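# A closer look at the structure
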Amino acid sequence: MIEIAEVQPPGVDRFPVRTPTPPAQPDALSREILALKKELNAVILAHNYQVPEIQDLADYVGDSLGLSQQAAKTNAEVIVFCGVHFMAETAKILNPNKIVVLPDKDAGCSLEESCPAPKLEAFQATNPHFYTITYINCSAEVKALSDVICTSGNAVKIVQAAPQDRDLLFVPDENLGAWVMEQTGRPMTLWRGNCYEKMVHFCKRSPARAIIIATEAGMLHRLKKECPDKTFIPAPTENCRCNECRFMKMNTLEKLYDCMASLEPRIELSTQVMRRARLPIERMLEISAR
Ligand code: SF4
């Protein structure tokens, strides 16, 4: 089995995370959460799109894969993943022996929902030459059916590295797949899935220097903290029809406290799914490190 440390040399941060600055005067609930964290020997990982008060209490803030890698390195016994369900699952796949909890078990993802594993399996059966490239926003069961995982940041590289003699199937994000096809010139069959708020991806990717920031509000909080001398003005664009991910915002400080106090809801996956789902993640890490 490939260890993440082997494919990501020290000092090379391919999926950046940041350590937030805790608030100078945390409120009572925040103080209780921090005390509980110490008592449990827990690490709190918060996705970029979490509400500001959760980001402020986290040990690390970043994207789903960066956070999972952070989780794989930690000595903490409990991983509290403040994000959506598939992200907490990815942390569990990479840390099968640790307890992984998330504040709200219903914090799902419309993109994940657009690709149920049984439907994907049935579609794969129609072509034995399919090589399935799967965007990380999917369930553990879908990861287990995949040949390789990708993120928006490495999708082009992953597709370029795909075997030439196979028929590429890209799931579940149709828009990302179409963009990658354009960049690589590799024809792919695209799964007809999409996100209800296709926004952050396009705003971050834009090379324009003079752009009014049209992104998810949690990202604005991060940008303001990292660039305190700048002004960020939230505004919707053609590609960013929604300014909020309602699933991400289901996590609250109260739910964060409750999940740590009860160690529920907990991510449970079968050993078989975890073992199978880890392989395409490791393949992605290998390709990314080349
Ligand atoms: S923004 Fe869209 S793709 Fe991302 S977690 Fe929310 S629903 Fe899923």
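Residues numbered from 1 in each chain as written. Predicted model: local features only at pLDDT ≥ 70, side-chain atom pairs only at ≥ 80, totals over all residues.

### Considerations on the overall build of the protein chain
To be explicit about the condition: Elements are defined by DSSP. Helices are runs of H or I of four residues or more, strands are runs of E of two residues or more, and each kind is numbered from the N terminus. Our exposure labels follow a C-beta count within 10 Å of each residue's own C-beta, placed from the backbone: buried means 20 or more other C-beta atoms, exposed means 12 or fewer, and partly exposed covers the counts in between. Throughout, a residue-residue contact means that the two C-beta atoms, derived from backbone geometry, are no farther apart than 7 Å.
Each helix and strand in the protein chain was counted, giving 14 helices and 9 strands. Across the 290 residues that make up the protein chain, the buried fraction comes to 39%. Excluding contacts between residues fewer than 6 apart, the proportion of contacts in the protein chain whose partners are at least 24 apart in sequence is 65%.

### Focus: the nonpolar core
The condition that has to hold: Residues enter a nonpolar core if they are buried, belong to Ala, Val, Leu, Ile, Met, Phe, Trp, Tyr or Cys, and are joined to the set through C-beta atoms within 7 Å.
If you look at the biggest cluster of nonpolar residues, it comprises 68 residues, and the most contacted ones within it are Leu45, Val80 and Phe81. Of all the elements, helix 5 (residues 85–94) adds the most residues to this core, at 6 residues. If we ignore the near neighbours within four places in the chain, the residues touching Phe81 are Leu45, Met87, Ala88, Ala91, Val100 and Leu102.

### Digging into the confidence of the model for the protein chain
Definition in use: Summary of the metric used: pLDDT quantifies the predictor's per-residue confidence within the range 0 to 100.
Across the protein chain, the average pLDDT comes to 84, with 78% of residues at or above 70. Overall, residues 1–13 carries pLDDT values under 50, and its contacts beyond four positions in sequence, including any with other chains, amount to 13 contacts. Predicted confidence is poor over residues 236–243, with pLDDT under 50, and the contacts of this stretch with residues over four places away or in other chains come to 19 contacts.

### Observations regarding the environment of Met260
For Met260, the position within the fold is in helix 13 (residues 253–262). Considering only alpha carbons, one finds Met260 and Leu102, 158 residues apart in sequence, at a separation of 8.7 Å.

### Comments concerning the pairing of strand 2 (residues 42–47)
To keep it simple, the criterion reads: Two strands are counted as paired when DSSP detects at least two bridges linking them. Orienting the strands away from the viewer, one traces the path from the first strand over the helix to the second; a clockwise path indicates a right-handed crossover.
Judged by how many residues are buried, strand 2 sits mostly within the fold: 6 of 6 residues are covered. What you see with strand 2 is no split at all: Ala42, Ile44 and Ala46 on one side and Val43, Leu45 and His47 on the other are buried throughout. Pairing geometry for strand 2 and strand 4 (residues 78–82), over 5 bridges, is parallel. Note on strand 4: the bridge partner recorded for Leu45 is Phe81. In the sheet, strand 2 pairs with strand 3 (residues 60–62) via 3 bridges, with the strands oriented parallel. Bridging from a neighbouring strand, His47 pairs with Gly62 of strand 3. In the classification by handedness, the crossover that spans strand 2, the intervening helix 3 (residues 52–57) and the parallel strand 3 is right-handed.

### Remarks on the packing of helix 4 (residues 64–73) against helix 5
The following threshold applies: Every axis corresponds to a line fitted to the C-alpha atoms, with the helix fit spanning only the stretch in contact, and the corresponding angles, defined between N-to-C directions, vary from 0 to 180 degrees. Put simply, a crossing is left-handed when the front helix is turned counterclockwise from the back one by less than a right angle, and right-handed when it is turned clockwise. Polar here means any residue outside two lists: the nonpolar Ala, Val, Leu, Ile, Met, Phe, Trp, Tyr, Cys and Pro, and the charged Asp, Glu, Lys and Arg; Gly therefore counts as polar.
The interhelical angle for the contact between helix 4 and helix 5, taken along N-to-C directions, is 35 degrees, at an axis separation of 9 Å. Considering only the axes of helix 4 and helix 5, their crossing is right-handed. Residue-level contacts link Ser64, Leu67, Ser68, Ala71 and Ala72 of helix 4 to Met87, Thr90, Ala91 and Leu94 of helix 5. Per-class residue counts for the contact of helix 4 with helix 5 are 6 nonpolar, 3 polar and no charged.

### Some words on the sheet that holds strand 7 (residues 148–150)
Across the sheet, which stays open at both edges, the 4 strands sit in the order 7-6-8-9 with parallel pairing between neighbours. The open sheet has two edge strands with one neighbour each: strand 7 and strand 9 (188–190). Strand-to-strand, the axes of this sheet are offset by a mean angle of 30 degrees, without reference to chain direction. Set on the sheet, helix 10 (residues 174–184) makes contact with strand 6 (130–135), strand 8 (167–171) and strand 9; between it and strand 9 the angle comes to about 160 degrees.

### Looking at the environment of Arg290
Positionally, Arg290 belongs in the segment after helix 14 (271–289). According to the C-beta neighbour criterion, Arg290 is exposed, with 7 such atoms within 10 Å. In sequence terms Arg290 and Lys157 are 133 residues apart; their C-alpha atoms lie 9.7 Å from each other.

### A closer look at unusual backbone geometry
With an omega dihedral of -15 degrees, the bond running from Val171 to Pro172 counts as a cis peptide bond. Looking at the element boundaries, Pro172 is found in the loop between strand 8 and helix 10. In this chain, Glu264 is followed by Pro265 through a cis amide linkage whose omega measures -5 degrees. With respect to the secondary-structure elements, Pro265 resides in the loop between helix 13 and helix 14. Phi at Asn41 takes a positive value of approximately 55 degrees, unusual for a residue other than glycine. With respect to the element layout, Asn41 can be found in the loop between helix 2 (28–40) and strand 2.

### Some details on the sheet that holds strand 3
Taken together, 5 strands build an open sheet; the order of strands is 1-3-2-4-5 and the sheet is mixed. If you trace the sheet from one side to the other, it starts and ends with strand 1 (17–18) and strand 5 (99–101), each paired once.

### Notes on helix 2
Three or four residues apart is the spacing at which side chains of an α-helix point the same way, because the helix has 3.6 residues per turn. Under the convention used in this document: Multiplying 1.5 Å by the helix residue count minus one yields the expected span of that helix.
Over its 13 residues, helix 2 extends 18 Å from the first C-alpha to the last, a length consistent with the 18 Å expected when each residue adds 1.5 Å. Asn41 sits one or two residues past helix 2 and shows a positive phi near 55 degrees.

### Here we look at the pairing of strand 6
Bridging between strand 6 and strand 8 involves 5 bridges; their strand directions are parallel. Of the residues in strand 8, the one forming a bridge with Thr134 is Val171. Summarising the sheet, strand 6 and strand 7 pair through 3 bridges and their orientation is parallel. For Thr134, the partnering residue across the bridge sits in strand 7 and is Ile149.

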